[in-house]
Amino acid sequence: MIEMKHISKSYGKNEVLHDINLTIQEGEKVVILGPSGAGKSTLIRMMNYLEEPSSGEVLINEVPLTKKNHLQMVRDTSAMVFQQFNLYPHMTALQNVTLAPIKLQMIPKDAAEKEGMRYLKRVGMESKANEYPQNLSGGQQQRVAIARALAMNKPMILFDEPTSALDPEMVQEVLDVMVSLSKENITMVCVTHEMGFARQMADRVMFVADGTILEEGNPDEFFDHPKNPRAQAFLSKILH
Ligand code: ADP
Ligand code: MG
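Given the structure is predicted, the values throughout are model-derived calculations rather than measurements.

Reading the values: the criteria
- Residues numbered from 1 in each chain as written.
- Chains lettered and ligands numbered in written order.
- Predicted model: local features only at pLDDT ≥ 70, side-chain atom pairs only at ≥ 80, totals over all residues.
- Heavy atoms only, no water.
- Pairing = 2+ DSSP bridges.
- Helix = DSSP H or I, 4+ residues; strand = E, 2+ residues; numbered from the N terminus.
- Axes fitted to C-alpha atoms, helices over the stretch in contact; angles between N-to-C directions.
- Salt bridge = Lys/Arg side-chain N within 4 Å of Asp/Glu carboxyl O.
- Buried < 20%, exposed > 50% of the residue type's maximum accessible area, 1.4 Å probe, protein only.

Across a sheet, paired strands are connected by hydrogen bonds in the backbone, their directions being either parallel or antiparallel. If you walk across this open sheet you meet the six strands as E6-E7-E8-E3-E9-E10, and the pairing is mixed. Of all strands in the sheet, those bounded by a partner on one side alone are strand E6 (78-81) and strand E10 (212-217). Taking each pair of neighbouring strands and ignoring which way they run, the sheet shows an average axis angle of 20°. In terms of strand pairing, strand E3 (residues 29-33) meets strand E8 (residues 187-191) through four bridges, oriented parallel. Of the residues in E8, the one forming a bridge with Val31 is Cys190.

Next comes the structure, spelled out in structure tokens:
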């Protein structure tokens, strides 16, 4: 579904990622791990062209993204959930969820609202459909943000540390929603520091550090027997 070929990214003279090559299959659940500043956000944001690579190619279903085609290509492919939930404060939960379907996909309001309620239900938020974000907890807001991403009806959702801004007691409710999504055919790419979650939902984990993917593999193998010394050090720090 998505492929990166010899991707590098620099900010000025600072090369953040160097010669990244990866392929993500349709329906695959991939977790990206790594220390802070490693380039994880930069990497995931290049998958939807929120960041443009300095060199190399990003392909979606084998079609290379270009300056010209990327808006449409990305719009057809992925939605994103951010660390900061980015809900519109002046809109209710349901209005947040139905905004893109109504404005971008031209779905009639009634139908969009019906669908929107279905997505809110899926994240356990149907009873808060008419609440404004300020009246919702962080965990509830993030669940609405996930419903909003689902409502865009894309084959892939990108998550960049969706629980990092939450108070600890709210992390699990959001992880639970994501685990339940991971049972479906949707392609999920998720940057997270939640190791138990990663192990539970990922088909594959990628460990990013020093500007590159230092190790990747199936989660049990990676967590039980990391091979790369940087990955070993990272895991022993984070798991103890
Ligand atoms: P991570 O998500 O793994 O913490 P990031 O991808 O956010 O890492 O950042 C990787 C590196 O790139 C960091 O050193 C960061 O300071 C730098 N960086 C990220 N975005 C920008 C930007 N817009 N301009 C300049 N430097 C940036
Ligand atoms: Mg980041």
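The full count for this structure, using the stated rule, is twelve salt bridges. For the salt bridge of Asp224 with Arg199, the shortest nitrogen-to-oxygen distance reads 2.7 Å. Linking Asp224 in helix H8 (residues 219-224) with Arg199 in helix H7 (residues 195-201), this pair joins segments that are 25 residues apart in sequence. Residue Asp224 is classed as partly exposed on the basis of its relative accessible area, which comes to 43%. Given a relative accessible area of 34%, Arg199 falls into the partly exposed group. Residue Asp210 is joined to Arg230 by a salt bridge in which the shortest nitrogen-to-oxygen separation is 2.8 Å. Pair noted here: Asp210 is in the loop between strand E9 (204-209) and E10 and Arg230 is in helix H9 (residues 229-239), with a separation of 20 residues, a long-range link. Each of Lys9, Arg45 and Glu51 takes part in salt bridges that share partners, so that together they form one network.

Everything listed here is a matter of coordinates, which is why it stays silent on function.
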